Amino acid sequence: MSDDFGQEQAIRKLGPGRLVIASHNPGKVREIGELLAPYGIETVSAAALDLPEPEETGTTFIANAELKAMQAADLSGLPALADDSGLCVEALNGDPGIFSARWAGPTKDFGIAMRLVWDNIQAKGPEAGHGAHFICALALAWPDGHVEAFEGRVDGTIIWPPRGDRGFGYDPIFQPHGHDISFGEMDPEKKHGMSHRADAFAQLVAAVF
Ligand SMILES: O=c1nc[nH]c2c1ncn2[C@H]1C[C@H](O)[C@@H](COP(=O)(O)OP(=O)(O)OP(=O)(O)O)O1
Ligand SMILES: [Mg+2]
């Protein structure tokens with residue numbers, strides 16, 4: 001949690017005006033807004049500014065987060081925070097990884113993407129483990145091109161069938177270690193106590209604010 005000092009530091013560091021949340025994923029925009037709420041920073045989404053969705057040509061989460069943040073900062077003239085994240089399944093050598101959004105296809109159907117994850121694990125045979133982790137890279141970029149990035153992680157297990165309708169993306173098939181409910185069944189505040197996004201955010205706050 002922030003105190004007044006953290007809040008003042010954050011506002012001083014970001015300067016007057018707003019912070020662009022450089023994501024076109026409403027689930028992420030909501031979660032980042034919840035994580036930023038204690039800092040009293042005014043935000044605006046990439047969608048509200050009509051910013052284009054850049055092609056994610058990077059080969060790492062950090063590279064993709066940086067390119068999204070830098071493009072938004074450059075086009076808007078405001079500091080911008082981007083998130084590149086995904087689900088990495090150990091039995092699938094880390095897939096879908098940076099391709100997590102792309103596995104849901106052009107219609108962004110995560111019913112299909114979750115089924116694909118499960119079918120691919122099954123195809124590995126009965127000995128295949130269900131271990132997985134989420135990664136979140138957060139990048140904060142300024143209009144002058146300066147950028148800082150942080151990577152967070154949470155470990156857990158893939159479950160089937162999917163459970164819960166909270167959260168977004170792959171949340172219904174991910175159960176974090178030490179818990180008996182999926183991210184899809186979890187209160188947002190509880191998810192923010194342990195998620196990959198909260199981990200990256202804590203590092204960003206410690207380093208930047
Ligand atoms: O907490 C999460 N709970 C469930 N699923 C998640 C989470 N975090 C990332 N994911 C999955 C779904 C998402 O679609 C993909 C990220 O792909 P990624 O390219 O970073 O985001 P995106 O294309 O959806 O939006 P944008 O690039 O505009 O920020 O990984
Ligand atoms: Mg994307």
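Refer to the structure presented above.
As the structure is a prediction and not an experimental result, all values here were calculated from the model.

Engineer: Give a description of the packing of helix H2 (residues 26-36) against helix H6 (residues 196-208) that names residues and reports values.
Structural biologist: Interaxial distance between H2 and H6 falls to 11 Å at its minimum, and their mutual angle equals 45 degrees. If you check the angle between H2 and H6, you find them oblique. Our pair here, H2 against H6, has a crossing hand that is right-handed. Where H2 abuts H6, its residues Lys 28, Glu 31, Ile 32, Leu 35 and Leu 36 lie against Arg 197, Ala 198 and Phe 201. Residue classes in the contact of H2 with H6 are distributed as five nonpolar, no polar and three charged.

Engineer: So what's going on with the sheet that holds strand E1 (residues 19-21)? Which residues, and what values?
Structural biologist: Think of a sheet as strands paired side by side through backbone hydrogen bonds, with each pair either parallel or antiparallel. In spatial order, the strands read E2-E1-E3-E4-E5-E6; together these six strands make up an open sheet with mixed pairing. Looking at strand neighbours, the two that pair on one side only are strand E2 (43-45) and strand E6 (174-176), the edges of this open sheet. Strand-to-strand twist of the sheet, defined as the mean angle between neighbouring strand axes without regard to direction, takes the value 35 degrees. The pairing of E1 with E2 spans three bridges and is classified as parallel. Across the sheet, Ile 21 pairs through a bridge with Ser 45, a residue of E2. Across the face of the sheet, H2 comes into contact with E1, E2 and strand E3 (80-89) while running at roughly 115 degrees to E3. Across the sheet, helix H3 (residues 61-76) lies against E1, E3, strand E4 (131-141) and strand E5 (147-158), angled at about 160 degrees from E3, the strand it touches most.

Engineer: Please provide a residue-by-residue account of the site of ligand 1, values included.
Structural biologist: Neighbouring residues of ligand 1: 21 residues in total, closest Ser 23, His 24, Lys 28, Lys 68 and Asp 171. Measuring from an oxygen atom of ligand 1, one finds a side-chain N or O atom of Asp 84 at 3.1 Å. Take Tyr 170: an N or O atom from its main chain is 3.1 Å from a nitrogen atom of ligand 1. Taking 600 Å² as the accessible area of ligand 1 by itself, protein coverage stands at 96%. Of all the cavities here, the one that holds ligand 1 is the largest pocket. Secondary-structure elements contributing two or more residues to the shell around ligand 1 are E3 and H6. If you tally residues by element for the shell around ligand 1, the top one is E3, at four residues. Considering only residue class, the shell around ligand 1 consists of five nonpolar, eight polar and eight charged.

Engineer: I'd like a description of the packing of aromatic side chains, backed by residues and values.
Structural biologist: Under the definition given, this model contains seven aromatic pairs. Judged by centre distance (6.1 Å) and plane angle (10 degrees), the ring pair of Phe 134 and Phe 183 falls under stacked. In this pair, Phe 134 sits in strand E4 while Phe 183 sits in the loop between E6 and helix H5 (188-191), placing the two residues 49 residues apart along the sequence. Since its relative accessible area comes to 1%, Phe 183 is described here as buried. Cluster of aromatic residues (ring-pair linked, three or more members): Tyr 39, Phe 201 and Phe 209.

So, how was this worked out
- Residues numbered from 1 in each chain as written.
- Chains lettered and ligands numbered in written order.
- Predicted model: local features only at pLDDT ≥ 70, side-chain atom pairs only at ≥ 80, totals over all residues.
- Heavy atoms only, no water.
- Axes fitted to C-alpha atoms, helices over the stretch in contact; angles between N-to-C directions.
- Helix = DSSP H or I, 4+ residues; strand = E, 2+ residues; numbered from the N terminus.
- Parallel < 35°, antiparallel > 145°, perpendicular 65-115°, else oblique.
- Left-handed = near helix turned anticlockwise from the far one by under 90°.
- Contact = heavy atoms within 4.5 Å.
- Nonpolar A, V, L, I, M, F, W, Y, C, P; charged D, E, K, R; others polar.
- Pairing = 2+ DSSP bridges.
- Near = heavy atom within 4 Å.
- Polar contact = N/O pair within 3.5 Å; in protein donor to acceptor, adjacent residues only side chain to side chain.
- Areas by Shrake-Rupley, 256 points an atom, 1.4 Å probe, with all protein chains shown as cover.
- 1 Å grid on protein atoms, 1.4 Å probe; cavity = no way out; pocket = protein on both sides within 12 Å on 5 of 7 lines; lining within 4 Å.
- Sits in = over half its atoms within 2 Å of the grid points.
- Phe/Tyr/Trp six-rings, centres within 6.5 Å; stacked < 30°, edge-to-face > 60°.
- Buried < 20%, exposed > 50% of the residue type's maximum accessible area, 1.4 Å probe, protein only.

As far as function goes, none of this settles anything; it's purely spatial.
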